[in-house]
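Here is how the chains run, residue by residue.
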Amino acid sequence: MNKYHLLLPAAIVALSGCYSNLHYQEQAVESARKYIFENARELTPEQYAFVKMTPPVFFTGRILNRNGSSVAEGSVASGGRLQVCIAWRIPEQKKDYLVFGVTDAAMNNWYPARLIRRPIAALDSQAFAALAAARRYALTSLNEQMSAAELNRIRFSYPELIRSKFDLGTPVVPEKNPVPAAKEEEEEKSPRPWKKYPLPTVSDENVQLSLLWKLENDRYAVFCGVGKTDMSDWQISMAGIFGEDEVKKARLEIIKTPEKYLFPLETKSELQKEKTKNTAESSVSAKENSADNTVKKADSTAKGEK
């Protein structure tokens, strides 16, 4: 189920003698609500009222038929059958509620078959705050440098998070080293967004982290700041539109891909556990291969003696 859409009002043209797709969707949603009421008795009246009054999210995916080659290519059902989950995220519940069913594209014969309670994955609050700050800045200060489509890309997609080495200038402490007027004029022309913040210093604890969105014509929207690896204390120190070559020079390490941007980073203990698991599996595999080779060698020797 790799696609989803919100159930939003839409202009639907009803053909003569046929119901509109919207009508069938509403029928399916009411069936899903009834199914939750009958099978999720742990919900409070208030929570069920939320399901009753709130539009759901639709998760859809094609159904794959078995085929002679046992591969996904060419196995999509020719009849256009879909698996559809009608889902709600209910307040005070730690799981999403998804009602599963199978239907055609018009959803005129969708029936609930199963209730799935899916645990809600924890989100990275620091990354979410950085994302919101970058989107606000893009809409207010970079809107003239991007097309509407590029702005929407920033608004509705997630960035790549990297450790970077963009030139932020020389860190200064205003109280001890006042910035000369000429320096101020030079900084006004730079892509630094907020002059009220002193330039941050990179150290063992604080690293330079940048949010990147790939735009058209080999351009990137860059939002760069300094903070801890988990993005705590991070704030925008420099933002602008950069060419691909500039971004390549400044890129040191990929911290998160867009698909995993909102999820917390794995801790060292989790990474070590995974590494230990992989090492153990490799060791077992090596022993099995060694035993197999020993048996084969013995068989070959026995055959040679005969």
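Rules behind the numbers
Residues numbered from 1 in each chain as written. Predicted model: local features only at pLDDT ≥ 70, side-chain atom pairs only at ≥ 80, totals over all residues. Heavy atoms only, no water. Helix = DSSP H or I, 4+ residues; strand = E, 2+ residues; numbered from the N terminus. Buried < 20%, exposed > 50% of the residue type's maximum accessible area, 1.4 Å probe, protein only. Axes fitted to C-alpha atoms, helices over the stretch in contact; angles between N-to-C directions. Parallel < 35°, antiparallel > 145°, perpendicular 65-115°, else oblique. Left-handed = near helix turned anticlockwise from the far one by under 90°. Contact = heavy atoms within 4.5 Å. Nonpolar A, V, L, I, M, F, W, Y, C, P; charged D, E, K, R; others polar. Pairing = 2+ DSSP bridges.

A short note on unusual backbone geometry
For M231, which is not glycine, the phi dihedral falls at a positive 75°. Position of M231 relative to the elements: it lies in the loop between β8 (219-227) and β9 (236-243). Positive phi values are uncommon outside glycine, yet D233 reaches one of about 65°. For D233, the position within the fold is in the loop between β8 and β9. We classify D233 as exposed; its relative accessible area is 56%.

A short note on the packing of helix α3 (residues 125-141) against helix α4 (residues 148-156)
Angle between the axes and distance between the axes: these two values describe a pair of packed helices. In the contact formed by α3 and α4, the axes pass within 9 Å of each other and the chain directions differ by 160°. By the criterion of interaxial angle, the relationship of α3 to α4 is roughly antiparallel. Here α3 runs over α4; the crossing is left-handed. Every residue of α4 that contacts α3 at R135, A138 and L139 is listed here: L151, I154, R155 and F156. Considering only residue class, the contact of α3 with α4 consists of 5 nonpolar, no polar and 2 charged.

A short note on the pairing of strand β4 (residues 95-103)
With 8 bridges joining them, strand β3 (residues 82-89) and β4 adopt antiparallel strand pairing. From the neighbouring strand, W88 faces β4, where its bridge partner is Y97. Linking β3 to β4, which pair antiparallel, is a turn of 5 residues; within it E92 sits at a positive phi near 70°. Pairing of β4 with strand β5 (residues 114-119) involves 6 bridges; the strand directions are antiparallel. Note on β5: the bridge partner recorded for L98 is I116.

Remember, this is a structural readout, not a statement about activity or role.
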